[in-house]
Amino acid sequence: MSGAFLAGLIVASIGAYTIVNRNAMEDSLQNARIIMEGASAIRTYTSESVSPLLQEKMKVEFLPYAIPSFAAQANFRLVQRKLPEYSYREPTLNPTNLNDKATDWEADIINDFRNSPDKTEATITRATPAGPYLTLARPLKVGSERCLTCHSTPDKAPPTMTALYGSQNGFGWKLGEVIGAQVVSIPLAVPLERANRALMLFLGALAVTFTLVVLVVDLLLRFIVVKPVKEISDMASAVSLGKLDTPEFVRGSQDEIGSLATSFNRMRRSLQNALKMLEAQG
């Protein structure tokens, strides 16, 4: 039973580990998608409701908060005050603001989107000094001619923008081109720790349950099987030594032990009768 339990515990551990870690990953991915949708909503609102109102002022002064990318990232920086481990970026291969320059691993994601135009989402797990991180990314494409007003050539860009950021970066974009990505990164240390703690609790409960079952089964076997069989064995030994006055084994149940006791008592009586007949004939 112990061997069977150990084998079952190993199989259960592997299965439970897979399930709890997969659930932790799915929950984290769902959180990343919520962050992503929130950022996309801010981009859309800024593009449709804020930017048009500031077009005239943009001719006099460049206002970054009228840009969807800036608005989404600035909004998330407010979220980071309470959740500093979480991040939202819109890295670009050729950004206007060099703060949005893609790192090596971000550039790999962007180039993957460029090489796979039909790909709409990517999920990766990264090992960092702070622990594992789940990263969700979606491509950023030049979706309208309005984007090219600022990013086609420096001479067509608003002078207030080139005065702020210069004319060396953020130009040469083409309509429909993947120029960057929305990237959400969230830590996995906490959800994985919770998952492993739940796994340990489950395995501990399983071990306690098995121990109790073994104790109950052991007691039942001792009183229902082992003890009666030992009594019958002792009676058989006594009869085999000629002690025919040994009391019968009384078992009122109809189970296998009761059937064995009945058969043994019948054999004992038959043996007694046979010996009495032999003595009478002698």
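The coordinates are above.
Criteria and cut-off values
- Residues numbered from 1 in each chain as written.
- Predicted model: local features only at pLDDT ≥ 70, side-chain atom pairs only at ≥ 80, totals over all residues.
- Heavy atoms only, no water.
- Helix = DSSP H or I, 4+ residues; strand = E, 2+ residues; numbered from the N terminus.
- Rg over C-alpha atoms; globule rule 2.2 N^0.38 Å.
- Buried < 20%, exposed > 50% of the residue type's maximum accessible area, 1.4 Å probe, protein only.
- Contact = heavy atoms within 4.5 Å.
- Areas by Shrake-Rupley, 256 points an atom, 1.4 Å probe, with all protein chains shown as cover.
- Pairing = 2+ DSSP bridges.
- Axes fitted to C-alpha atoms, helices over the stretch in contact; angles between N-to-C directions.
- Core = buried A, V, L, I, M, F, W, Y, C linked by side-chain atoms within 4.5 Å.
- Phe/Tyr/Trp six-rings, centres within 6.5 Å; stacked < 30°, edge-to-face > 60°.
- Lys NZ or Arg CZ within 6 Å of the ring centre and 35° of its normal.
- 1 Å grid on protein atoms, 1.4 Å probe; cavity = no way out; pocket = protein on both sides within 12 Å on 5 of 7 lines; lining within 4 Å.
- Points joined across faces, edges and corners; volume = space filled by probe spheres on them.
- Nonpolar A, V, L, I, M, F, W, Y, C, P; charged D, E, K, R; others polar.

Peer 1: How do you make sense of the overall build of the protein when you look at a structure like this?
Peer 2: Secondary structure summary: the protein contains eight helices and four strands in total. Against the 2.2 N^0.38 benchmark of 19 Å for 282 residues, the protein shows a C-alpha radius of gyration of 40 Å, more extended than a compact globule. When its C-alpha atoms are laid out on the principal axes, the protein stretches across 135 × 35 × 30 Å. Of all 282 residues assigned to the protein, the portion counted as buried reaches 34%. When contacts within the protein are restricted to residue pairs at least 6 apart in sequence, long-range pairs at least 24 apart make up 62% of them. Within the structure as shown, the protein displays about 17,500 Å² of accessible surface, and the carbon and sulfur contribution to it stands at 61%.

Peer 1: Can you walk me through the sheet that holds strand β2 (residues 122–128) in this structure?
Peer 2: Taken together, four strands build an open sheet; the order of strands is β1-β4-β3-β2 and the sheet is antiparallel. The open sheet has two edge strands, β1 (87–89) and β2, and neither has a second partner. The sheet shows a mean angle of 20° between the axes of neighbouring strands, direction not considered.

Peer 1: Help me out: how do you make sense of the nonpolar core in this one?
Peer 2: One broad trend across soluble globular proteins is that nonpolar side chains are buried collectively. Core analysis: the biggest nonpolar cluster contains 17 residues, and Ile35, Tyr88, Val184 and Ile186 have the highest contact counts within it. For this core, the secondary structure elements donating two or more residues are α1 (2–50), α3 (68–79), β3 (131–141), β4 (178–187) and α7 (189–240). Looking at this core element by element, the count peaks at six residues for α1. Residue contacts for Val184: discarding those within four places in its chain leaves Ala32, Ile35, Met36, Ser87, Tyr88, Leu134, Thr135 and Leu136.

Peer 1: Is there a simple way to think about the packing of aromatic side chains in this case?
Peer 2: Each aromatic ring pair is described using two quantities: the centre-to-centre distance and the angle formed by the ring planes. Enumeration according to the criterion identifies two aromatic pairs in this entry. Seen in terms of ring centroids, Phe62 and Tyr165 are 5.8 Å apart; in terms of plane orientation they differ by 85°. Their pairing is edge-to-face. Remark: Tyr165 occurs in helix α6 (residues 159–165) and Phe62 occurs in the loop between α2 (55–58) and α3; sequence separation between them is 103 residues. Overall, Phe62 belongs to the buried group, its relative accessible area being 9%. Note on Tyr165: relative accessible area 24%, which makes it partly exposed. The residue whose ring lies beneath Arg77 is Phe70, and the NZ or CZ to ring-centre distance is 6.0 Å. Lying over the aromatic face of Trp105, Arg126 brings its terminal NZ or CZ to 3.8 Å of the ring centre.

Peer 1: Even after reading the chapter, I still don't get the layout of surface pockets, so can you show me in this structure?
Peer 2: Gaps left between atoms show up when a probe the size of a water molecule is rolled over them. When its volume is computed, the largest pocket comes out at roughly 1,300 Å³. The wall of the largest pocket is formed by 46 residues, among which Ile67, Pro68, Ser69, Cys147 and His151 lie closest to the centre. For the lining of the largest pocket, the secondary structure elements donating two or more residues are α1, α2, α3, β1, β3, α5 (145–151) and α6. Examining the composition of the lining of the largest pocket, we find that six residues originate from one element, α3, more than from any other. Its residues placed into classes, the lining of the largest pocket shows 21 nonpolar, 17 polar and eight charged. Lining the second largest pocket are 14 residues, and of these Ser28, Asn31, Val190, Pro191 and Arg194 lie nearest its centre. Of all elements in the fold, only α1, β4 and α7 reach the threshold of two or more residues within the lining of the second largest pocket. Per-class residue counts for the lining of the second largest pocket are eight nonpolar, three polar and three charged.

Peer 1: Before we go on, may I ask you to explain the side chain of Gln73 in this structure?
Peer 2: Here Gln73 lies in helix α3. Setting aside residues up to four positions removed in sequence, Gln73 forms contacts with Tyr88, Arg89, Glu90 and Asp100.

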